[in-house]
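Residues per chain are reported as follows:
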Amino acid sequence: AAIRNFNEYVQSNLSLEEMQKITGLDSFAPETVYVKFLQESTDGTIERRAFYKVLQEMAEFGGKQADPRLQGLLNVLFELFDSDSDDSLTLEEISTGLSVLCGGNASSKAKHMFDIFDSTGKGHVSIEDFEIILTNIFKIVYKANPETRENCGGKSPGDLAKETASQAFLSC
């Protein structure tokens, strides 16, 4: 019940900026956060406990560990990304989703996300990978700004990502 209540609280009361400040991620570049998760992973995935550990360390380093909302927000973020409910996340899911909450400008965040999915190093990502990137971004944006979903015709993050990626690839 506590998580449900906090989830409702986050949905109705926390902006993207507040989420950044609570987690302390606004003090770090996406690459820094990715490296921390990479150090915790042995197989390209992160278990729930490791997810909490890394983000609590980042919050502590950023001076945010005292915020009583941190643990609840970490629960909400983990569940946003754990689409198959197996209590683990891929590094790609974490990195693209959390990049929205990290510091830096939009260009550097976008470059980081594309670099992660550019497995060939040729400056290209597949439409499927682009959909993953967008889905994770839209999950955070919808959580921080619930009215965005309504403004986007009620589409799920995945459906909106698929539509957006299709339009982007038509333009290329």
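Residues numbered from 1 in each chain as written. Predicted model: local features only at pLDDT ≥ 70, side-chain atom pairs only at ≥ 80, totals over all residues. Heavy atoms only, no water.

Undergrad: Can you tell me about the side chain of Glu93, naming the residues and giving the values?
TA: Assignment of secondary structure puts Glu93 in helix α6 (residues 91-99). Buried and unpaired, Glu93 has no salt bridge, with Lys139 as the nearest side chain of opposite charge at 6.0 Å. At a separation of 2.9 Å, a polar atom in the side chain of Glu93 contacts the main-chain amide nitrogen of Thr90. The residues contacting Glu93, other than those within four sequence positions of it, are Phe81, Ser83 and Asn136. (Helix = DSSP H or I, 4+ residues; strand = E, 2+ residues; numbered from the N terminus. Buried < 20%, exposed > 50% of the residue type's maximum accessible area, 1.4 Å probe, protein only. Lys, Arg positive; Asp, Glu negative; His and termini not counted. Salt bridge = Lys/Arg side-chain N within 4 Å of Asp/Glu carboxyl O. Polar contact = N/O pair within 3.5 Å; in protein donor to acceptor, adjacent residues only side chain to side chain. Contact = heavy atoms within 4.5 Å.)

Undergrad: Requested: an account of unusual backbone geometry, with residues and values cited.
TA: Although it is not a glycine, Asp87 adopts a positive phi angle of roughly 60 degrees. By the secondary structure assignment, Asp87 is in the loop between α5 (70-81) and β2 (88-90).

Undergrad: Give a detailed account of the environment of Gly103, specifying residues and quantitative values.
TA: Mapped onto the elements of the fold, Gly103 is located in the loop between α6 and α7 (106-117). With relative accessibility at 13%, the residue Gly103 sits in the buried group. Each C-alpha atom, one on Gly103 and one on Pro30, is 7.2 Å from the other, the two residues being 73 residues apart in sequence. Non-local contacts of Gly103, meaning those with residues more than four positions away in its chain, are made with Leu25, Asp26, Phe28, Ala29, Pro30 and Lys109.

Undergrad: With reference to specific residues and values, describe the packing of aromatic side chains.
TA: Within the structure shown, the criterion is met by seven aromatic pairs. Where Phe130 meets Phe169, the ring centres are 6.0 Å apart and the plane angle is 50 degrees; that geometry is what we call tilted. On the criterion of sequence distance, the pair formed by Phe130 in helix α8 (residues 127-144) and Phe169 in helix α10 (residues 157-171) is long-range, its members being 39 residues apart. A relative accessible area of 13% means that Phe130 is categorised as buried. Assessed through its relative accessible area of 32%, Phe169 is described here as partly exposed. Among the aromatic residues, ring-to-ring pairing joins Phe37, Phe51, Tyr52 and Phe78 into one connected group. (Phe/Tyr/Trp six-rings, centres within 6.5 Å; stacked < 30°, edge-to-face > 60°.)

Taken by themselves, the reported measurements are silent on function.
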